[in-house]
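# Structural overview for review
Now for the letters of each chain:
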Amino acid sequence: MNTKPIRLEDLHIENWPNLILWAAPIMFLLVFIEWGISAYQKKDAYNTKDFFAASTIGLVNVGISALIKLATFGSALFFYNISPFTIPVTWWSFILCFVAIDFARYWAHRIAHEQRFWWATHITHHNSSKYNLSVSFRLGWTQHIKVIFFFPVMFMGFNPFVFFICHQIAVLYQFWIHTEYITKLPRPIEFFFTTPSHHRVHHASDEHYLDKNYGSTFIIWDRMFGTFMPEGERPTYGITKPVTSYNPIYLVFHEWVDIFKDLRKAKDFKEGWRVLFDKPGAEVIANREKAEKSITANPSPEVEEKVLALEVQEK
């Protein structure tokens, strides 16, 4: 029977299981096991400063999640109450909700790589040159604004408890795929699910690997929407403009600082919009300033024509 509308206090979220918190000790244990194996085999999989930076970023992120828990579940409850649909709490509703969340995660993840504003919320996860289990802790502190991509799932009529559990499982799934110690899995698994092999490609900074394999749990979305690439040679991990700092604050905010600097140099609203929502690395301001200097230095019709062609190509 439909019991809408319900209030936030009716959910008793303080009694809901925190799967991520329960899993944290196991995750850290596995990180240290992997680190130990890496040291024993004399592999360069871990860096102490990089590990502590990742752990600090992760712990702060957990604190932020706790602080905004009320807002998150307030949103889930709001959309549940206004939805014309009500999906009962059954075993199949968990499966359906999980698939819906994963579909939303694919697009949220893809947009975070295709638009600079959203990339700033996600770049922290990619700015390590290492690839190990601790990289899963590196989640930007501003990534929580991507909750808006999950509003349609909340509106589908899933009970907030179902959404909460499925979302936690989806987050936990990400942990085990950040390793080089799992190579290829059986073909049916590699076809449908995101595996360490698929995700290593995603974390690569090599040009031919860029913007591939966005899937969180299911790699099938990438196969459907043309962003899948199998793993070939060992990837070079990190971002195309590597960072050398291990300061967690810098690792979280350096792209936001660069965006702010570019916005201050924007000559109009259109250019400011491009700074925010062009692809990461488009260097809108730098290209415009370079073009202006070229015209000033040699204001010939030929140069102006070339500059105009360059600007059209960028667009």
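Residues numbered from 1 in each chain as written. Predicted model: local features only at pLDDT ≥ 70, side-chain atom pairs only at ≥ 80, totals over all residues. Heavy atoms only, no water.

## Here's the deal with the UniProt feature "transmembrane region" (unreviewed entry) in the protein chain
Those residues carrying the UniProt feature "transmembrane region" (unreviewed entry) are residues 20-40, 52-79, 91-108 and 147-176 in this numbering. The span residues 52-79 is 96% helix and 0% strand, and its two end C-alpha atoms sit 38 Å from each other. (UniProt positions renumbered as here; feature names shortened; annotations may be inferred. Helix = DSSP H or I, 4+ residues; strand = E, 2+ residues; numbered from the N terminus.)

## Some thoughts on the pattern of salt bridges
If charged atoms from side chains of opposite charge come close, those side chains can pair. On inspection of all chains with the given rule, the structure shows 12 salt bridges. Between E114 and R110 there is a salt bridge, and its shortest N-O distance comes to 2.9 Å. Pair noted here: E114 and R110 are both in helix α5 (residues 91-114), with a separation of four residues, about one helical turn. A salt bridge links E180 to R234, with the shortest nitrogen-to-oxygen separation between them at 2.9 Å. (Salt bridge = Lys/Arg side-chain N within 4 Å of Asp/Glu carboxyl O.)

## Considering the UniProt feature "domain: Fatty acid hydroxylase" (unreviewed entry) in the protein chain
UniProt annotation of "domain: Fatty acid hydroxylase" (unreviewed entry) refers to residues 94-227 when read in the numbering used here. Counted over residues 94-227, helix gives 51% and strand 0%. Its end C-alpha atoms are 27 Å apart.

## Here's the deal with the nonpolar core
Grouped together as the largest cluster of nonpolar side chains are 25 residues, with contacts concentrated most on C97, I101, F150, V153, F158 and F163. Of all the secondary structure elements, the ones that give two or more residues to this core are α4 (69-82), α5, α7 (151-155), α8 (160-176) and α11 (220-225). Residues within four places of F150 in sequence aside, it is in contact with I101, A104, R105 and F163. M27, Y46, F51 and F137 belong to the second largest nonpolar core, which has 10 residues in total. (Core = buried A, V, L, I, M, F, W, Y, C linked by side-chain atoms within 4.5 Å. Buried < 20%, exposed > 50% of the residue type's maximum accessible area, 1.4 Å probe, protein only. Contact = heavy atoms within 4.5 Å.)

## Overview of the packing of helix α2 (residues 19-40) against α8
Axes are the key here: two packed helices are described by the angle between their axes and the distance separating the axes. The N-to-C vectors of α2 and α8 enclose an angle of 5°; their axes lie 11 Å apart at closest approach. One finds that α2 runs roughly parallel with respect to α8. Facing L19, I20, A23, M27, L30 and V31 of α2, the residues of α8 in contact are I165, Q168, I169, V171, L172 and F175. Of the residues that constitute the contact of α2 with α8, the class distribution is 11 nonpolar, one polar and no charged. (Axes fitted to C-alpha atoms, helices over the stretch in contact; angles between N-to-C directions. Parallel < 35°, antiparallel > 145°, perpendicular 65-115°, else oblique. Nonpolar A, V, L, I, M, F, W, Y, C, P; charged D, E, K, R; others polar.)

## A look at a nonpolar patch on the surface
On the surface, I26, L29, L30, I33, I37 and Y181 cluster together into a nonpolar patch covering about 510 Å² of accessible area. Within the secondary structure layout, I37 lies in helix α2. For I37, a relative accessible area of 35% gives the class partly exposed. (Patch = residues over 30% accessible without salt bridge, like charges linked within 9 Å, V, L, I, M, F, W, Y side chains within 5 Å. Areas by Shrake-Rupley, 256 points an atom, 1.4 Å probe, with all protein chains shown as cover.)

## Things to note about the layout of surface pockets
Considering only enclosed or pocket space, the largest pocket measures out at about 1,500 Å³ in volume. Elements that contribute at least two residues to the lining of the largest pocket include exactly α2, α3 (48-67), α4, α5, α6 (116-122) and α8. Take the lining of the largest pocket: its biggest share by element is eight residues, from α8. In terms of residue class, the lining of the largest pocket is built from 22 nonpolar, 21 polar and three charged. Taken as a whole, the second largest pocket holds about 690 Å³ of empty space. At the level of secondary structure, the elements contributing two or more residues to the lining of the second largest pocket comprise α6, α12 (248-265) and α14 (284-297). (1 Å grid on protein atoms, 1.4 Å probe; cavity = no way out; pocket = protein on both sides within 12 Å on 5 of 7 lines; lining within 4 Å. Points joined across faces, edges and corners; volume = space filled by probe spheres on them.)

## A short note on the packing of aromatic side chains
Going through the model one piece at a time under the given rule, you end up with 32 aromatic pairs. When the centroid spacing of 4.9 Å and the interplanar angle of 35° are considered together, the rings of F28 and F137 count as tilted. Of this pair, F28 sits in helix α2 while F137 sits in the loop between α6 and α7; the two residues are 109 residues apart in sequence, bridging distant segments of the chain. Taking the relative accessible area as the measure of exposure, F28 reaches 25% and is therefore partly exposed. What makes F137 buried here is its relative accessible area of 10%. (Phe/Tyr/Trp six-rings, centres within 6.5 Å; stacked < 30°, edge-to-face > 60°.)

## A closer look at unusual backbone geometry
The backbone phi angle of N213 is positive, close to 55°, even though this residue is not glycine. Checked against the element boundaries, N213 lands in the loop between α10 (196-202) and α11. Positive phi, close to 55°, is recorded for E283, a residue that is not glycine. Mapped onto the fold, E283 is located in the loop between α13 (269-277) and α14.

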